[in-house]
Amino acid sequence: MDKNMIYRNFANIKDVSVLGLGTVKFGRNQGVKYPNGNGFELPSDQQIEEILDLILGQGVNLIDTAPAYGSSEIRLGQLMQQRRDDLFIVSKTGEEFEDGKSEYIFTKEHTEFSIHRSLKRLKTDRLDSVLVHCNRQDLDIINNTDVLETLSRLKEKGDILSYGMSTNTVEAGLKAVDLTDIIMVAYNPSYTEQLPVIEYANKKGKSIIIKKAFDSGHLTDNYSQIIESVVNLNGVTSIIFGSINPKNILANIAAIGG
Ligand SMILES: NC(=O)c1ccc[n+]([C@@H]2O[C@H](COP(=O)([O-])OP(=O)(O)OC[C@H]3O[C@@H](n4cnc5c(N)ncnc54)[C@H](OP(=O)(O)O)[C@@H]3O)[C@@H](O)[C@H]2O)c1
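Reading guide: rules and limits
Residues numbered from 1 in each chain as written. Predicted model: local features only at pLDDT ≥ 70, side-chain atom pairs only at ≥ 80, totals over all residues. Heavy atoms only, no water. Axes fitted to C-alpha atoms, helices over the stretch in contact; angles between N-to-C directions. Helix = DSSP H or I, 4+ residues; strand = E, 2+ residues; numbered from the N terminus. Parallel < 35°, antiparallel > 145°, perpendicular 65-115°, else oblique. Left-handed = near helix turned anticlockwise from the far one by under 90°. Contact = heavy atoms within 4.5 Å. Nonpolar A, V, L, I, M, F, W, Y, C, P; charged D, E, K, R; others polar. Core = buried A, V, L, I, M, F, W, Y, C linked by side-chain atoms within 4.5 Å. Buried < 20%, exposed > 50% of the residue type's maximum accessible area, 1.4 Å probe, protein only. Near = heavy atom within 4 Å. Polar contact = N/O pair within 3.5 Å; in protein donor to acceptor, adjacent residues only side chain to side chain. Areas by Shrake-Rupley, 256 points an atom, 1.4 Å probe, with all protein chains shown as cover.

(A) Geometry of the packing of helix α2 (residues 45-57) against helix α10 (residues 246-254). One can describe the packing of α2 onto α10 by two numbers: an axis separation of 11 Å at closest approach and a directional angle of 15°. In terms of axis orientation, α2 runs roughly parallel to α10. When the axes of α2 and α10 are compared, the crossing they make is right-handed. In contact with I51, L54 and I55 of α2, α10 contributes P246, I249 and L250. Per-class residue counts for the contact of α2 with α10 are 6 nonpolar, no polar and no charged.

Okay, here's the thing in structure tokens:
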């Protein structure tokens, strides 16, 4: 814990930093929506280790990955090593990304396969949280698949410590608040449609993590101000921001007094 970082409880498991690092850019530079598109080089192993030490040194203990983020899980597993226990790892299930294309699979069999693969790739005995990596049919995933039931069983077994959904529609987000431990929604000054989900989660005492707080780098607003305002929004547990640039990482952390 760092005295300059702010921590909030995540799904009654652990206190996590209000800023977490998203790791799409550790492993995937195809089919991404960043301003420079696919035209960036993945960081080297040494750069990733330096970023992990940098965030941990600043008190950031929350990290977000997914099977759909190319080699992100594998690289984290290889490179975090003794840092594992200092990190709270969120991964996902449901989206596969291969040969430049996404495929979505929400069966019981695939969910079990995916979680066990994540455990192996990340070289760990538990995932602190797993989110359903939803497409636009997120309500259908809740109503017509057994993915949440499967995650509940994996939680009972101890393979995962909590689970939730990274949703896209407000309807599914509201329902996910009732049914799961944690909800991830997009929110930034240009996209506030998910506010009802954040407010409902706050009312129900459920954790919310924010994705795309900078609209994947497309906003021209001041990023420090965005961080300050989103972190102080009632109901928000943490913002997961993406970055492989140490200068930007430090600037983002400084925005909350780090
Ligand atoms: N469906 C889902 O579940 C889902 C979808 C999208 C994202 N996510 C998660 O949320 C995380 C964040 O989303 P995101 O990466 O799409 O978008 P984001 O955090 O809104 O923006 C990331 C972009 O902003 C740039 N950036 C960061 N800090 C900056 C600063 N201080 N000044 C200037 N530029 C800065 C980064 O570039 P540099 O690398 O150059 O700093 C990066 O290109 C992802 O990494 C992922 O973990 C989940």
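(B) Structural detail: unusual backbone geometry. Even without a glycine there, the phi angle at A11 is positive, about 50°. For S216, which is not glycine, the phi dihedral falls at a positive 55°. Mapped onto the secondary structure, S216 falls in the loop between β11 (207-211) and α9 (223-231).

(C) The arrangement of the nonpolar core in detail. By size, the foremost hydrophobic cluster in this structure holds 60 residues, and its most contacted members are V132, L151 and I210. If we skip the residues at most four places from it in the chain, V132 touches T93, F106, I141, V147, L148, L151, G164, M165 and S166. Core analysis: the second largest hydrophobic core is formed by 11 residues, F10, V16, L131 and I209 among them.

(D) Spotlight on the site of the ligand. By nearness alone, 27 residues border the ligand, and K25, Y34, D64, S166 and S243 come closest of all. Residue H133 places a side-chain N or O atom 3.4 Å away from a nitrogen atom belonging to the ligand. At a separation of 2.8 Å, an oxygen atom of the ligand approaches a polar side-chain atom of S216. Within the complex, 85% of the 910 Å² of free accessible area of the ligand lies under protein. For the shell around the ligand, the element with the highest residue contribution is strand β12 (residues 236-242), accounting for 3 residues. Classifying every residue of the shell around the ligand gives 10 nonpolar, 11 polar and 6 charged.

(E) How the structure looks around the packing of helix α4 (residues 108-121) against helix α6 (residues 147-157). Between α4 and α6, the shortest axis-to-axis distance is 9 Å and the interhelical angle comes to 40°. On the basis of the axis angle, α4 is oblique to α6. Pair α4 / α6 crosses with right-handed handedness. From α4, K108, T111, E112, I115 and H116 reach across to α6, where they touch V147, T150, L151, R153, L154 and K157.

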